[in-house]
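Chains, contacts and geometry: an overview
Take a look at the letters that make up each chain.
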Amino acid sequence: MHPISLKDIRSSFINATRSEAAKLTPPTNLESLDWDSLDFLGWRDEKMPLRGYLVVPTTQGLSGILLRAPEGDARKNRAVLCELCRDVFSKEDVLLWVARRAGQSGRDGNTVGTLICADFICSSNVRREPPANEIHPDPTLVVQRQVGEMRERTEKFLLRVQQQ
Ligand SMILES: [Zn+2]
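Here's a quick rundown of the structure. (Residues numbered from 1 in each chain as written. Predicted model: local features only at pLDDT ≥ 70, side-chain atom pairs only at ≥ 80, totals over all residues. Heavy atoms only, no water.)

Another aspect to go through is the side chain of Thr25. Examined against the element boundaries, Thr25 turns out to sit in the loop between helix 2 (18-23) and strand 1 (41-44). Exposure remark for Thr25: the relative accessible area of 11% places this residue in the buried category. For Thr25, the side chain forms a polar contact with the side chain of Asp45, separated by 2.5 Å. If we ignore the near neighbours within four places in the chain, the residues touching Thr25 are Trp43, Asp45, Glu46, Lys47 and Tyr53. (Helix = DSSP H or I, 4+ residues; strand = E, 2+ residues; numbered from the N terminus. Buried < 20%, exposed > 50% of the residue type's maximum accessible area, 1.4 Å probe, protein only. Polar contact = N/O pair within 3.5 Å; in protein donor to acceptor, adjacent residues only side chain to side chain. Contact = heavy atoms within 4.5 Å.)

In structure tokens, the structure reads:
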């Protein structure tokens, strides 16, 4: 994705109030991120650890989603796959993140949930090249496919949040 600023981030949210967007803690390394290897920007709020953010570039511009993690470490789960990267090798925790729906539906209390890597490392997961084998002789093609599929799944999640 293209580099984005904190101002871009704050104005991108489709399911957060102005004050929620204003209060968010930006990712610490925003200035030094390797944007080329990111399909979206996702991070946990350092000061409010139950909050996470996903900012997705789309053809209509940036769409930010405010997410809530379940309370308590008991819900951390390594036995399930992240719905975005579907990485089977990662040892990172996967959490059921819940997003308020956009617009009136969200104000009425409707939410959607999805499993996402606890620290949103999905873009790097899908870029890990598998060893070449007979079925997949070219690891870079596998990575390309994984990246494409993850973008599609991210878009679908975004649509679920936008649905009224
Ligand atoms: Zn993931």
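What follows covers the nonpolar core. Ranked by size, the top nonpolar core spans 26 residues in total, and within it Leu54, Leu67, Ile116, Cys122 and Phe157 carry the most contacts. At the level of secondary structure, the elements contributing two or more residues to this core comprise strand 2 (51-58), strand 3 (61-68), strand 4 (94-100), strand 5 (111-117), helix 4 (122-126) and helix 5 (139-162). The element that contributes the greatest number of residues to this core is helix 5, accounting for six residues. The contacts of Cys122, once residues within four sequence positions are left out, are Phe40, Cys82, Leu84, Cys85, Ile116, Cys117 and Met150. With 15 residues, the next largest nonpolar core counts Met1, Trp43, Tyr53 and Val55 among its residues. (Core = buried A, V, L, I, M, F, W, Y, C linked by side-chain atoms within 4.5 Å.)

Let us look at the side chain of Ser123. Tracing the backbone shows Ser123 in helix 4. Residue classification places Ser123 among the buried residues on the basis of a relative accessible area of 2%. Once residues lying within four places of it in the same chain are set aside, the contact partners of Ser123 are Ser37, Leu38, Asp39, Phe40 and Met150.

On to the coordination of the zinc ion, then. At 2.3 Å from the zinc ion lie its protein donor atoms, namely Cys82 (SG), Cys85 (SG), Cys117 (SG) and Cys122 (SG). Considering all four donor atoms around the zinc ion, angles at the metal cover 103 to 122 degrees and the coordination shape is tetrahedral. Mapped onto the sequence, the residues coordinating the zinc ion show the spacing C-x2-C-x31-C-x4-C. Remark: Cys117 occurs in strand 5 and Cys85 occurs in the loop between strand 3 and strand 4; sequence separation between them is 32 residues. Residue class for Cys85 comes out buried when judged on its relative accessible area of 6%. A relative accessible area of 2% places Cys117 in the buried class. (Donors = N, O, S within 2.8 Å, 3.2 Å for Na, K, Ca; no water. Tetrahedral: all angles 85-135°; square planar, octahedral: opposite > 155°, others 65-115°.)

This part is about the environment of Thr111. Of note, Thr111 is situated in strand 5. On the basis of relative accessibility, which here comes to 45%, the residue Thr111 falls in the partly exposed class. Other than its neighbours up to four places away in sequence, Thr111 contacts Val98, Ala99, Arg100 and Arg101.

What follows is about unusual backbone geometry. The backbone of Arg86 shows a phi angle near 50 degrees, a positive value even though the residue is not glycine. Residue placement: Arg86 occurs in the loop between strand 3 and strand 4.

Oppositely charged side chains may form a pair once their charged atoms are brought near each other. Scanning all chains against the criterion turns up seven salt bridges. Residues Glu71 and Arg68 are paired through a salt bridge, measuring 4.0 Å at the closest nitrogen-oxygen approach. According to the relative accessible area criterion, Glu71 is exposed, its value standing at 63%. Bridged by salt links that share partners, the residues Asp39, Arg127 and Arg151 form one connected network. (Salt bridge = Lys/Arg side-chain N within 4 Å of Asp/Glu carboxyl O.)

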